[in-house]
Amino acid sequence: HSDSLSKYPPSLRSKFTPREGLQWRINFSRVEEKGEINWTWSPQIVWNPSVTRFEGMVNMHLPDAWGYVQFSQSGEGRANDDVTFPTRLAATNVYYAQAYYKQLNKVYAPGMSQLLSYVDKETMANYQVKILSNDDSSQYRAAIRGGRRGASASITYDRLLLSESNADSFSSS
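Owing to the predicted nature of the structure, the values given are computational and were not obtained by experimental measurement.

This paragraph deals with the overall build of the chain. Helix and strand counts for the chain come out as 4 helices and 10 strands. When its helices and strands are written in sequence order, the chain yields α-α-β-β-β-β-β-β-α-α-β-β-β-β. When the 173 residues of the chain are sorted by exposure, 31% land in the buried category. Summarising the internal contacts of the chain: among those between residues at least 6 apart in sequence, 45% fall at separations of at least 24. Carbon and sulfur atoms form 52% of the exposed surface of the chain, whose accessible area is close to 10,900 Å².

Further remarks concern the pattern of salt bridges. Applying the stated criterion across every chain yields a total of 3 salt bridges. Glu32 serves as the salt-bridge partner of Arg30, at 2.3 Å between the closest nitrogen and oxygen. Residue class for Glu32 comes out partly exposed when judged on its relative accessible area of 29%. The partner of Arg159 in a salt bridge is Asp64, with the nearest N and O atoms 2.6 Å apart. Here Asp64 lies in the loop between β5 (53-56) and β6 (67-70) and Arg159 lies in the loop between β9 (152-156) and β10 (161-164), a separation of 95 residues in the sequence. According to the relative accessible area criterion, Asp64 is buried, its value standing at 16%.

With that settled, the discussion passes to the nonpolar core. Membership of the largest hydrophobic core comes to 26 residues, with the highest contact counts inside it found for Met112, Leu115, Ala142 and Ile144. For this core, the elements supplying multiple residues, two or more each, are β4 (45-48), α3 (85-105), β7 (127-133), β8 (140-146) and β9. Excluding residues within four positions of it along the chain, Met112 makes contact with Val94, Val119, Met124, Val129 and Ile131.

Here the focus is the pairing of strand β3 (residues 37-40). Looking along a regular strand, one sees side chains alternate from face to face of the sheet. Here 4 bridges tie strand β2 (residues 29-32) to β3, and the two strands are oriented antiparallel to one another. Bridge assignment links Ser29 to a residue of β3, and that residue is Thr40. In this antiparallel pair of consecutive strands, β2 and β3, the connection spans 4 residues, and Glu33 shows a positive phi of 55°.

Here 4 strands make up an open sheet; going across it, the order is β7-β8-β9-β10 and the pairing antiparallel. The open sheet is flanked by β7 and β10, the only strands paired with a single partner. Neighbour-to-neighbour, the strand axes of the sheet open up by a mean angle of 15°, direction not taken into account. Across 7 bridges, β7 lies against β8 in antiparallel orientation. Following the sheet pairing, Ser133 is matched in β8 by Tyr140. Strands β7, β8, β9 and β10 of the sheet are contacted by α3, whose axis makes an angle of about 145° with β8.

With that settled, consider the confidence of the model for the chain. Here the chain averages 83 in pLDDT, and 88% of its residues register 70 or above. Per-element averaging of pLDDT across the chain places helix α1 (residues 2-5) at the bottom with 58 and β7 at the top with 96. Confidence over residues 167-173 falls short of pLDDT 50; this stretch has 15 contacts with residues more than four positions distant or in other chains.

What counts and how
The residue count restarts for each chain, going from 1 along the sequence in the order it is written. Restriction of local features to residues with pLDDT of at least 70 applies here, the model being predicted, together with a cutoff of 80 or more for giving and counting side-chain atom pairs; totals for whole chains, interfaces and linings are based on all residues. Excluded from the side-chain calculation are hydrogens and water; included are all heavy atoms of the structure. Starting at the N terminus, helices and strands are each numbered in turn, a helix being any DSSP run of H or I of at least four residues and a strand any DSSP run of E of at least two. Burial classes: relative accessible area under 20% of the type maximum marks a residue as buried, over 50% as exposed, and values in between as partly exposed (1.4 Å probe, protein chains only). Note on contacts: a residue pair is in contact if any heavy atoms of the two residues lie within 4.5 Å. Accessible surface area values rest on a Shrake-Rupley calculation with a 1.4 Å probe, where residue burial reflects the displayed protein chains alone. Note on definitions: salt bridges are taken to be side-chain nitrogens of Lys or Arg within 4 Å of carboxyl oxygens of Asp or Glu. We call a set of buried residues a nonpolar core when its members are Ala, Val, Leu, Ile, Met, Phe, Trp, Tyr or Cys and they connect through side-chain atoms within 4.5 Å of each other. Two strands are counted as paired when DSSP detects at least two bridges linking them. In this description, a line fitted to the C-alpha atoms serves as the axis of each element, helices being fitted only across the stretch in contact, and the angle between N-to-C directions of two axes falls anywhere from 0 to 180 degrees. As a per-residue measure, pLDDT tells how confident the predictor is, with possible values from 0 to 100.

Here it is as structure tokens:
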């Protein structure tokens with residue numbers, strides 16, 4: 001929506017303009033009976049660090065669990081593989097691990113060594129993670145690089161997730 005994009009710089013706004021082949025994460029939900037019935041059009045499965053496994057969550061505020069919509073002029077568009085998905089999955093693993101770590105310790109972890117028991121080892125196997133935090137560890141930004149597809153990502157304490165399909169175009173500033 002153009003109103004909500006106005007707060008972003010033009011360089012980022014162009015990434016949010018629908019164009020041929022572009023995929024967006026999206027979800028739809030219907031809640032009935034004062035919250036007793038809640039359904040979505042795609043499964044909502046996310047990493048749960050407290051039990052160290054992926055599991056379903058009934059929560060529309062988990063964008064990493066949403067489905068995809070792909071834009072096409074012809075209506076016959078070919079589905080594109082999301083090359084950033086494995087890296088974004090690793091980034092959200094860090095996010096959920098950090099949230100759980102903060103729940104236990106009242107601050108975010110300063111590095112990955114403190115989070116190793118809260119992440120999915122298979123998901124994180126091919127990634128390097130650098131965590132930068134402020135002086136009192138109340139905020140962080142994690143940079144994720146690696147994987148088989150050359151994508152990179154960053155994620156912050158407030159769940160801002162940015163990803164690039166080419167590791168060379170990723171900026172760590």
